[in-house]
Amino acid sequence: MATDCEAWLNANPVEAEDLSDSFVSGDEDSGRAVIANKNVNNEINGNWLSSSSNNIHEARLKAKAKRRLRKNSSRDSGRGDSLSDNGDVVRGTSVAPSSPKSKLLDRKSRLGKGRGLPKKGGAGGKGVWGRSGEVYEPEEVDEKDPNYDEAQENCVYETVVPPLEERDFEKTVTPIVQEYFEHGDTNEVAELLAELNLGPMQSEVPSLAVSLALEAKASHRELTSRLLADLCGPVLFCSDMEKSFDKLLRELPDLVLDTPGAPQLVGQFIARAVSDQILSKSYIEGYRGRVDCEYTRAALDRAAVLLKMSKGGLRIDNQWGTGGGQRPVTQLIKEMNLLLKEYILSGDSKEAERCLRDLEVPHFHHEFVYEAIVMVLESIKGEKTFKMVQQLLKSLSVSSIITVDQMRRGYERVYMDIAEINIDVPRAYFILEQFVDKSFNMRIIDEKLRDLCPCRGRKRFVSEGDGGVVKLESY
């Protein structure tokens, strides 16, 4: 349209006042319409041209209005201006300009079509997996799909664990066995080993457990024997046990370097395994006459002797003893009394320390202190037992085998029971006072514990200034 108007203006020039951008008033518009009805002649470059059509004038006005609208559109883009059918500018209501960010976050269709609803019914957007509460049904496979593969219909997907390599075996299994020594739960060990794909390293588990138990305590060896018996079947086979013990017998020369008593200990493990029926009874007989290593021969001889003794009534299932906290209290008290009696006879404090440590009951050492003091109070050979017990308590305190807390609890228990002990031992209060004072001087106990020692009350007589009144005080 603009191109046509410019061509017409070139052919029919108009006056300068008609080219103004200002709005045309009603009078001027009517006057110009009258002039337009007449044949007005205009001169361009000396050529006179005439135009008598009203349509040409209207086209010129529309072109001016469009130019004015384009010029103001960049400044007033939000005002909503538009053109009427006559070419006049119609002012619309002002619309607040919208930022580009708000347009990006707008979930409505940007095509200007539709009913203004959110895209995808509100199920679109980042991190959205459909409408809330929508339940997806199993999708049926389309057999006509070009990517359809009939072989994948009956596929079962499972997690594949690669076989455990030899270089990673010891790093993986050693923490499991060491943790078992703390909690003693064989089921947990079986579950952890079942999760590993041991493969050919399956027969190495018993040998690793036994080698770790050789350097541990007697209670840990008992736990190892129980572990081997519980693993045989669910995780390991009897053939794995035989291969494992064969390896232990071959490695005895190396094991002796770290554990001098390894042949006897391995022999005990073999005897216990035969007793638990995880090794065949003919296992030891299979080595007869074809053993060259002296350590292997000593281990097999030890196992054979224990098996013969079991036929006479020896319980091999208790050869390692029971762990400290798993034994009855009465049994622990008997063993502590035997330990004290042996010490009084031999006077070997080192042996007493070793025996007390082997009991593995550091939480029960207060009973040992209690029994030692009661032995002093009830002893016939008072002076000798008095000195020996104090020397033993002093050495145990210095070596921290008996802690300060356990020592204090042992003395406090004697303080609480002294009244009952005094019934059988009339001089118990006097001996206890001397023992406590001597213990304080040797720095076995502190001053606060010494001051808690109970003293026996006594009668006060007239000679002490009571005015002839005898005070009867209860003990």
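If you're wondering where the values come from, they're calculated on a predicted model, not measured in any experiment. (Residues numbered from 1 in each chain as written. Predicted model: local features only at pLDDT ≥ 70, side-chain atom pairs only at ≥ 80, totals over all residues. Heavy atoms only, no water.)

J.: Tell me what's going on with the overall build of the protein, and back it up with residues and numbers.
T.: Secondary structure assignment for the protein yields 19 helices and 4 strands. Per-residue burial for the protein yields a buried fraction of 32% across its 475 residues. Counting contacts in the protein only where the partners sit at least 6 residues apart, residues at least 24 apart contribute 62% of the total. (Helix = DSSP H or I, 4+ residues; strand = E, 2+ residues; numbered from the N terminus. Buried < 20%, exposed > 50% of the residue type's maximum accessible area, 1.4 Å probe, protein only. Contact = heavy atoms within 4.5 Å.)

J.: Requested: an account of the pattern of salt bridges, with residues and values cited.
T.: Counting across every chain of the model gives 14 salt bridges. One salt bridge connects glutamate 251 with lysine 247, and the closest N-O pair in it is separated by 4.0 Å. Residue classification places glutamate 251 among the partly exposed positions, given a relative accessible area of 30%. On the basis of relative accessibility, which here comes to 23%, the residue lysine 247 falls in the partly exposed class. Here glutamate 383 ties to lysine 387 by a salt bridge, and the two come within 3.9 Å at their closest N and O atoms. (Salt bridge = Lys/Arg side-chain N within 4 Å of Asp/Glu carboxyl O.)

J.: Can you explain the state of the cysteines? Please cite residues and give values.
T.: In total, this model carries 0 disulfides according to the counting rule given. Cysteine cysteine 232 is unpaired, with the sulfur of cysteine 238 as its nearest cysteine sulfur at 3.9 Å. (Disulfide = S-S within 2.5 Å.)

J.: Can you break down the side chain of threonine 174 residue by residue, with the values?
T.: Of note, threonine 174 is situated in helix α5 (residues 166-183). At a separation of 2.6 Å, a polar atom in the side chain of threonine 174 contacts the main-chain carbonyl oxygen of glutamate 170. Those residues within four positions of threonine 174 in sequence are excluded, and the remaining contacts are Leu208 and Leu212. (Polar contact = N/O pair within 3.5 Å; in protein donor to acceptor, adjacent residues only side chain to side chain.)

J.: Could you give me a rundown of helix α16 (residues 382-398), with the residues and numbers involved?
T.: With 17 residues, α16 should reach 24 Å at 1.5 Å per residue; the first-to-last C-alpha distance of 24 Å fits that figure. Inspection of α16 places Thr385, Phe386, Met388, Val389, Gln390, Leu392, Leu393, Ser395 and Leu396 among the buried residues, and these make up the whole buried set. Each element contacted by the buried residues of α16 is listed here: α13 (329-346), α14 (349-358), α15 (365-378), α17 (404-424) and α18 (428-441). Just downstream of α16 lies serine 400, where phi reads positive at about 60°. (Expected span 1.5 Å × (residues − 1).)

J.: Describe the nonpolar core, with residues and values.
T.: Here is a general trend for soluble globular proteins: nonpolar side chains tend to be buried in one another's company. With 52 residues, the main nonpolar core has Phe245, Leu249 and Ile270 as its most contacted residues. Only α5, α6 (186-195), α7 (204-214), α8 (218-231), α9 (238-250), α10 (252-258), α11 (262-275) and α12 (294-311) provide two or more residues apiece to this core. Ranked by the residues each element gives to this core, the list is headed by α11, at 8 residues. Here isoleucine 270 is in contact with Phe245, Leu249, Leu279, Tyr283, Ile284, Leu300 and Ala303, once residues within four sequence places are set aside. By size, the runner-up hydrophobic cluster in this structure holds 45 residues, among which are Tyr370, Ala372, Met375 and Ile402. (Core = buried A, V, L, I, M, F, W, Y, C linked by side-chain atoms within 4.5 Å.)

J.: So what's going on with the packing of aromatic side chains? Residues and values would help.
T.: Summed over all chains, the structure comprises 4 aromatic pairs. Consider the rings of phenylalanine 386 and phenylalanine 435, whose centres lie 5.4 Å apart with planes at 85°: the pair is edge-to-face. Here phenylalanine 435 lies in helix α18 and phenylalanine 386 lies in helix α16, a separation of 49 residues in the sequence. Among the residues examined, phenylalanine 386 registers a relative accessible area of 13% and is labelled buried. Phenylalanine 435 sits in the buried class, given a relative accessible area of 1%. Clustering of aromatic rings is evident, with ring pairs tying together Phe386, Tyr411 and Phe435. Its guanidinium or amino end placed over the ring of tyrosine 370, arginine 413 lies 4.3 Å from that ring's centre, counting from NZ or CZ. (Phe/Tyr/Trp six-rings, centres within 6.5 Å; stacked < 30°, edge-to-face > 60°. Lys NZ or Arg CZ within 6 Å of the ring centre and 35° of its normal.)

J.: Can you lay out unusual backbone geometry for me, pointing to particular residues and giving the numbers?
T.: For glutamine 277, which is not a glycine, the phi torsion comes out positive at approximately 65°. Relative to the assigned elements, glutamine 277 resides in the loop between α11 and α12. Residue glutamine 277 is classed as exposed on the basis of its relative accessible area, which comes to 68%. In this model, arginine 443 sits at a positive phi of 60°, which is unusual for a non-glycine residue.

J.: An account of the environment of threonine 259 is requested, with residue identities and associated values reported.
T.: Summarising the element assignment, threonine 259 is placed in the loop between α10 and α11. Residue threonine 259 is classed as buried on the basis of its relative accessible area of 11%. Sequence separation between threonine 259 and glutamate 215 is 44 residues, and the spatial gap between their C-alpha atoms is 6.7 Å. Once residues lying within four places of it in the same chain are set aside, the contact partners of threonine 259 are Leu214, Glu215 and Leu265.

J.: An account of α18 is needed here, citing residue identities and associated values.
T.: Here α18 spans 20 Å end to end across 14 residues, near enough to the 20 Å set by a 1.5 Å rise per residue. For α18, the set of buried residues is Ala428, Tyr429, Ile431, Leu432, Phe435, Val436 and Ser439. For α18, the buried positions fall inside an angular range of 160° around the axis, keeping them on one side. Here the buried face of α18 lies against α15, α16, α17 and α19 (447-451). Backbone geometry just downstream of α18 places arginine 443 in the positive-phi region, at approximately 60°. (Arc of directions from axis to C-beta.)

J.: Could you give me a rundown of empty space enclosed by the protein, with the residues and numbers involved?
T.: Under the counting rule described, the total for this entry stands at 1 cavity of 30 Å³ or more. Roughly 30 Å³ of internal volume is contained in the largest cavity. If you go around the largest cavity, the residues you meet are Ser225, Leu228, Phe245, Phe269, Arg272, Ala273, Asp276 and Ile278. Listing elements by their share of the lining of the largest cavity, those giving two or more residues are α8 and α11. Among the elements that make up the lining of the largest cavity, the one with the highest residue count is α11 (3 residues). (1 Å grid on protein atoms, 1.4 Å probe; cavity = no way out; pocket = protein on both sides within 12 Å on 5 of 7 lines; lining within 4 Å. Points joined across faces, edges and corners; volume = space filled by probe spheres on them.)

J.: For a negative patch on the surface, give the residues involved together with the corresponding values.
T.: Taken together, Asp142, Glu143, Asp145, Asp149, Glu150 and Glu153 make up a surface patch of like negative charges. Take aspartate 145: it is sitting in the loop between α4 (100-105) and α5. Using a relative accessible area of 35% as the deciding quantity, one classes aspartate 145 as partly exposed. (Patch = residues over 30% accessible without salt bridge, like charges linked within 9 Å, V, L, I, M, F, W, Y side chains within 5 Å. Areas by Shrake-Rupley, 256 points an atom, 1.4 Å probe, with all protein chains shown as cover. Lys, Arg positive; Asp, Glu negative; His and termini not counted. Charge placed at Lys NZ, Arg CZ, Asp CG, Glu CD.)

On their own, these measurements won't tell you what the molecule is for.
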